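# Topology and contacts: notes
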Amino acid sequence: MTTPDRTPHLGGSTESDESTRVALGSPDAAHDRGEPAPHPPIFAGPAPFPSRREGEHLTDDDRQRLARTVMRRGFRERRSGTAEPAVAAHPRSAVEIEDDLRGRLGLRSLGDRLDPTARLWGWLGPLVVTALAAVMRLVNLNHPTRLIFDETYYVKQAYSMLTLGYEGDWPADDANDRFVQGDFSDLSTKADYVVHPSVGKWMIAVGLRLFGADNGAGWRFGAAVVGTVSVLLLARLATRMFGSALLGTVAGLLLAIDGMHLTESRTSLLDIFLMFWVLVGFWFVLKDREATRAVLARRTAAVLAVEEERAGGRAALPERFAPRVGPRWWLVGAGVALGLACGVKWSGIYAVAVFGVMVFVWDTCARRAVGARSWLAGGVLRGGVPAFLALVPTAALTYVATWFSWFTHADSYRRQWAADLRAGGEPVPRSWLPDTLNSWWEYHLVMWDFHNNLTPEHSYAAHPAGWIIQWRPTSFFWPDPAPPPEACGAERCVQAITSLGNPVVWWLGALALVVLVHAAVRRRDWRAWAILAGYAAMYLPWFAYAHRTIFTFYAVAFVPYVVLCLTFVLGWVTGLLRPPRRDPGVSTTADALPGTTANAVPGTTADALPGTTADALPGTTADAGPATTAEPPARPSRLALLLTDDGTVRLTARSWAVLGVVVGLAVAAAVFWWPIWTGATVSYDFWRWHMWLPSWI
């Protein structure tokens, strides 16, 4: 039996005219078969491209333009009320509707379960790179045996908080020398003026409590643990986001061997804690996206199932708004994490703002996808407002709670400011506030003034434009006097710790950022937008403070998003990164867009273009031709399940080569710069070989 040509033609008559008219809902085709004519096609007027000669086939581009034109015209006609009513289909069950909606929302189908082998890979790979990160961060953590860089502030403040409950002053010039020897007698009860909240210092204090305050392991243990855990968190996050254990493992590895992340995991500064809590908040926001969309699909399906049963066919939502999704506990968790981030450094507030906007956009798009007529208003009232209440007040209350020690210790800095003014008979600004809250607010104003007017020159100050390519890394450690010649066997020996990001990761990451923007804007990939949100929250705000003294090492707060960006592009180049899950009927089924119907446009379930569900390819069930029983697909191999969680992707030799070269270069760079990241004793010439740019010195 000869299979008829089912490719649509324009202009002229061919042997496949009948099938073409069927696909487009032609009344003539129905008449030829002796059937009632269906409703007229929804488009009329000139063709979206010039008519073709008889027998000439449409190209793939023509097919795509035709489908887009049909959908646009159908949408306009439904909005204006000029389109004919759709032919009713049989009512679906709640499970069928929910599965359809989950596809539109980018979720797994109800029956789609992660293969146990894929689940094993999804944990095994991240745990392996986390173990590597732990070794790199914890081994020889006592070196250097002195306080370096800003450890002189934060470690002593952490010890003071353990001892006094607040940051006391260390007035002696040589307090550091006695501190490292275990002599803490220089600590006074006079409160010190500090310009950052206390969460990061409490996290440093954990190590002091466990290992003592007279050694580097105690000073740096908190930072090392947080840096190690952040590798596991990022690897798992990337595994879930990209649907690939291999890409998740690569992301974790790139973070583990990044020099900036490594040096700040081995130094007690605050920025590594800021990075960690923002990353935790980011993870919770992604979990909220998945959880709320699942609830939205389930509750919308329950409503639609009742309506379709009543109507005897396809139906739209009876209300203007999609259903509510209930409590947003993942967002509450994100609020706690981001409140703790603000309690480390105020930079965390930008993450609250950016992630909050991202949640609102996702909610609004989800409500549009499930067919809510007033999707924008619903996004505000049923999505945005509950999300705001779950995230922002939680973050604010958490931040206030991090000041518990300041509130409970009367000798804390400026704790008695308002009360002292009142006792002295002086006017009290904001006198309507309770004295304690007024003093707390005044302290914040003083901190704000400091951060906005910090303008003294510093040899390692760096404009944020150069951070993304590591133009001016920060030197953390350069002892003077230098080690003696016999320490390295050369004429001149040095020890240096330079917070230089892995050049392979950062330089390729800068190039990958261009591709990421393209994927976000042109391909509308939500994962690309999520990664860009990390840049927007932790990088872009620094351009508003470029006038003050700032440093490249602040960029550790957004290094996870640099790694995600590079991993995203690696996955795209190699073919490991698949498009986000989308139902093929999005924007074309009954409730894909407000006002559309089940078969309002060709290409939907009930009125498909040739080769789609309703008008199947020759030889399939829907076609009159011979049908065959499909064999159950073979179970994917273990390697295939490492590549993707469904085992459907096979890498070419070229893809393996690209992945191997990039990861191999990053590992080689980590080995090369390891002595410069960890303060090893090396010759001066060896150190100079690693200073590739004059701005690195």
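Structure: above.
Now for a look at the structure at hand.

### Thoughts on the state of the cysteines
Applying the stated criterion to the full structure yields 1 disulfide. Here Cys488 connects covalently by a disulfide to Cys493, the sulfurs 1.9 Å from one another. Across the disulfide from Cys488 to Cys493, rotation about the S-S bond amounts to roughly -90°, and the bridge is consequently left-handed. By relative accessible area, Cys493 is classed as buried at 1%.

### Here's the deal with a nonpolar patch on the surface
A cluster of nonpolar side chains, Leu376, Val380, Leu381, Val385, Phe388 and Leu389, forms an exposed patch at the surface whose accessible area comes to about 550 Å². With respect to the element layout, Val380 can be found in helix α15 (residues 375-401).

### So, the pattern of salt bridges
Under the counting rule described, the total for this entry stands at 22 salt bridges. Notably, a salt bridge pairs Asp115 with Arg635, separated by 2.9 Å at the nearest N-O pair. Here Arg635 lies in the loop between α21 (559-574) and α22 (638-643) and Asp115 lies in the loop between α4 (94-104) and α5 (116-138), a separation of 520 residues in the sequence. Take Asp115: its relative accessible area is 15%, and that puts it in the buried class. Among the residues examined, Arg635 registers a relative accessible area of 54% and is labelled exposed. Among the salt bridges present, the one from Arg414 reaches Glu442, with a minimum N-O distance of 3.5 Å. On the criterion of sequence distance, the pair formed by Arg414 in the loop between α16 (404-408) and α17 (417-423) and Glu442 in helix α18 (residues 435-452) is long-range, its members being 28 residues apart. Since its relative accessible area comes to 15%, Glu442 is described here as buried. The structure contains a network of salt bridges with shared partners spanning Arg108, Asp112, Arg578, Asp645 and Asp646.

Reading the values: rules and limits
Residues numbered from 1 in each chain as written. Predicted model: local features only at pLDDT ≥ 70, side-chain atom pairs only at ≥ 80, totals over all residues. Heavy atoms only, no water. Disulfide = S-S within 2.5 Å. Buried < 20%, exposed > 50% of the residue type's maximum accessible area, 1.4 Å probe, protein only. Patch = residues over 30% accessible without salt bridge, like charges linked within 9 Å, V, L, I, M, F, W, Y side chains within 5 Å. Areas by Shrake-Rupley, 256 points an atom, 1.4 Å probe, with all protein chains shown as cover. Salt bridge = Lys/Arg side-chain N within 4 Å of Asp/Glu carboxyl O. Helix = DSSP H or I, 4+ residues; strand = E, 2+ residues; numbered from the N terminus.

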